[in-house]
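Read off the chains here:
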Amino acid sequence: MAAVGIHVPVMTREIIAIYGRRADSEAVFIDATLGAGGHALAVLERFPRASLIGFDQDERARELAAERLSAHSSRVRIVPENFRGIARLAEDADWRGADGILFDLGVSNMQLTAPERGFSFNDDGPLDMRMNQSEGTVTAETLLATKSVLELAGIFRDYGEERHAYRIAKAIVAARDMGDAPTTTGGLTALIRRTLPAPVQRKMGAHPARRVFQALRIAVNSELEALDEGLDGALAVTAHMGVIAVISYHSLEDRIVKRRFLKWSEEGFGRAAAKRPLVPADEETVCNRSSRSAKLRAFIKGDTTIRRKKY
Ligand SMILES: C[S@@+](CC[C@H](N)C(=O)[O-])C[C@H]1O[C@@H](n2cnc3c(N)ncnc32)[C@H](O)[C@@H]1O
């Protein structure tokens, strides 16, 4: 197994600052995407009497987070579920609402750099891409083996904004019809490289397989549907003046968050903390390249005062 990279949490200082304004001493925080527990640890250290409920659908992530947060275990509850079900927290008769909820979307570095998880076009591994590897979940390999050209093209276009979606989908189904469907990340990358003419690849700027990999990952994990449901659930379990913070890494996610916050404020549920998203400081993008595309938006429930320009 290749070395698995440690996940460095993104915009932690900003998250603590956003929580800081509202956290009473016994605040309840939800980390909807626990990952390696980096944000969670920072929150528990900064608010020593607060408790934290952490969701992650990835078993390995939960194990790592539990280990990392062990010094605070009496204040931590780890929920082995998709954050789609976050609203169920309110079914507990004692539930009094969360003071802060964080969604740090996408995959962690541990997932991305483990070739056997199949998330990366830089390594060779099985075409898996599932965050939740439990029985009954569908891999990227299965999607490529079962979807029609039009369905695959739709996935690549809608979730990857891939301009050459149809051409790539057609090549995949043609390979499949010859009994040569890609079953590994290396196989899929090679097929994309064979399919797109060199000048087209040069024009793409980034790696030619990047958008297809993003699209497959989103489809395999139903990421946009989960975000949709998770956000509504989050609003339901947030206390008055509690904050919902979302760090997104591509425009599809950010668009959903931006529109949802706008809709909520129009409906009188509160207000977005700022009109524009916060982005990481230059020092952070230099030290942590994964933070470069990050956008942070926050919504304050129940606050209908005039929107401030800054957090
Ligand atoms: C970017 S990482 C979070 C890293 C974390 N903030 C930290 O500081 O280590 C995203 C994590 O969220 C998990 N995840 C993504 N979507 C999820 C969902 N719908 N439900 C539960 N967990 C999810 C992934 O498995 C991954 O571990």
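Here the structure is shown first, and the text comes after it.
Computed from a predicted structure; not experimentally measured. (Residues numbered from 1 in each chain as written. Predicted model: local features only at pLDDT ≥ 70, side-chain atom pairs only at ≥ 80, totals over all residues. Heavy atoms only, no water.)

K.L.:
Please explain the packing of aromatic side chains as it appears in this structure.
P.N.:
Each aromatic ring pair is specified by the distance between its two centres and by the angle formed by the two planes. Inspection of the entire model under this criterion finds 7 aromatic pairs. Centre to centre, the rings of Tyr19 and Phe29 are 4.4 Å apart; their planes meet at 15°, and the pair counts as stacked. One end of the pair, Tyr19, is in helix 1 (residues 12-20); the other, Phe29, is in strand 1 (residues 28-31), and 10 residues separate them in sequence. Among the residues examined, Tyr19 registers a relative accessible area of 3% and is labelled buried. Measuring from ring centre to ring centre gives 5.1 Å for Phe29 and Phe47, while their planes differ by 35°; the resulting arrangement is tilted. Here Phe29, found in strand 1, pairs with Phe47, found in the loop between helix 2 (38-46) and strand 2 (51-55); they are 18 residues apart in sequence, far enough to count as distant. For Phe29, a relative accessible area of 1% puts it in the buried group. (Phe/Tyr/Trp six-rings, centres within 6.5 Å; stacked < 30°, edge-to-face > 60°. Helix = DSSP H or I, 4+ residues; strand = E, 2+ residues; numbered from the N terminus. Buried < 20%, exposed > 50% of the residue type's maximum accessible area, 1.4 Å probe, protein only.)

K.L.:
Would you take a moment to explain the site of the ligand for this structure?
P.N.:
Lining the immediate surroundings of the ligand are 25 residues, of which His39, Asp56, Phe83, Asp104 and Gln111 lie closest. In the environment of the ligand, an oxygen atom lies 2.7 Å from a nitrogen or oxygen atom belonging to the side chain of Asp56. Taking 600 Å² as the accessible area of the ligand by itself, protein coverage stands at 98%. (Near = heavy atom within 4 Å. Polar contact = N/O pair within 3.5 Å; in protein donor to acceptor, adjacent residues only side chain to side chain. Areas by Shrake-Rupley, 256 points an atom, 1.4 Å probe, with all protein chains shown as cover.)

It is worth stressing that arrangement in space is one thing and function is another; only the former is reported here.
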